Amino acid sequence: GAVVSQHPSWVICKSGTSVKIECRSLDFQATTMFWYRQFPKQSLMLMATSNEGSKATYEQGVEKDKFLINHASLTLSTLTVTSAHPEDSSFYICSARDPARTYEQYFGPGTRLTVT
Amino acid sequence: SQQGEEDPQALSIQEGENATMNCSYKTSINNLQWYRQNSGRGLVHLILIRSNEREKHSGRLRVTLDTSKKSSSLLITASRAADTASYFCATDDKIIFGKGTRLHILP
């Protein structure tokens, strides 16, 4: 199946700093990528939909100025957590839709962010 | 927003037994997907069932879909220790997840 990678797999940062997480589709071009956040023992919460070449669409309650999403190419989307705080500590997962397989999404392995 | 809700929230069974999880959703769908997530890891796509399908098989997995009841079930037969994970159902293109069923296989 298709492969989606994320980098880094884990990151620890100090409160107030910004962190960038990359999501790449390795063997297909993804016009649409999604970013999710997951707190311990909870479900994945969709944060935003990222479309190549256009602005991301954020879900209700997600601060677009805090979670900056850039989808500059068909294989790369980035999520930047700006001025991170301890409450932003979470597991961030991206997924990418393969346009050749309309309904199937492929998930990255996730990035664990810890803000101290 | 569309959302799947899995039932039960947690399930512990003996290795070799069958595990059944259910999912209910709120609105009309085009498809429903099941995913597995091992602790602290990414998601693995298990199976997709389209709205015009009633049952689908993949290896030890059997999925049913009842659009009139807005529900789906995932059956894992002959469970193995490696099946221990959380299972989520998700609907349609934005894939809004339910809370998941935590399945624990006892040796």
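Above: the structure in question.
Residues numbered from 1 in each chain as written. Chains lettered and ligands numbered in written order. Predicted model: local features only at pLDDT ≥ 70, side-chain atom pairs only at ≥ 80, totals over all residues. Heavy atoms only, no water.

Caption draft 1: Molecular detail of the overall build of chain A. Along the backbone of chain A there are zero helices and 11 strands. Along the chain direction, N to C, the helices and strands of chain A fall in the order β-β-β-β-β-β-β-β-β-β-β. Its C-alpha atoms give chain A a radius of gyration of 13 Å, near enough to 13 Å, the size a compact globule of 116 residues would have. With respect to the principal axes defined by its C-alpha atoms, chain A has extents near 40 × 25 × 20 Å. (Helix = DSSP H or I, 4+ residues; strand = E, 2+ residues; numbered from the N terminus. Rg over C-alpha atoms; globule rule 2.2 N^0.38 Å.)

Caption draft 2: Region of the structure containing the interface of chain B and chain A. Contact with chain B, which involves 21 residues of that partner, is made by 19 residues of chain A. In total, chain B and chain A occlude about 1,500 Å² of area from one another, counting both sides; carbon and sulfur atoms represent 56% of this. The tally of links between chain B and chain A comes to zero salt bridges. Our count for the chain B to chain A interface comes out at two residue pairs in polar contact (both at pLDDT 80 or more). Mapped onto the side of chain B that touches chain A, the elements with two or more residues apiece are strand S4 (31-37), strand S5 (43-50) and strand S10 (96-97) of chain B. Across the side of chain B that touches chain A, the residue classes break down as seven nonpolar, eight polar and six charged. (Contact = heavy atoms within 4.5 Å. Buried area = accessible area lost by both parts, 1.4 Å probe. Salt bridge = Lys/Arg side-chain N within 4 Å of Asp/Glu carboxyl O. Polar contact = N/O pair within 3.5 Å; in protein donor to acceptor, adjacent residues only side chain to side chain. Nonpolar A, V, L, I, M, F, W, Y, C, P; charged D, E, K, R; others polar.)

Caption draft 3: Quick peek at the side chain of Ser-79 of chain B. All names here are of chain B. Within the secondary structure layout, Ser-79 lies in the loop between strand S8 (71-76) and strand S9 (85-91). Looking at Ser-79, its side chain comes within polar contact range of the main-chain oxygen of Glu-17, at 2.8 Å. Each residue touching Ser-79, except ones within four places of it in the same chain, is listed here: Ile-13, Gln-14, Glu-15, Gly-16, Glu-17, Arg-60 and Ile-105.

Caption draft 4: Layout of the sheet that holds strand S6 (residues 55-58) of chain B. Residues and elements named next belong to chain B. Within the open sheet, the five strands sit side by side as S1-S3-S8-S7-S6. Their pairing is antiparallel. The outermost strands of the open sheet, each flanked by one partner alone, are strand S1 (4-7) and S6. Neighbour-to-neighbour, the strand axes of the sheet open up by a mean angle of 20 degrees, direction not taken into account. Bridging between S1 and strand S3 (residues 19-25) involves four bridges; their strand directions are antiparallel. Across the sheet, Asp-7 pairs through a bridge with Asn-22, a residue of S3. (Pairing = 2+ DSSP bridges. Axes fitted to C-alpha atoms, helices over the stretch in contact; angles between N-to-C directions.)

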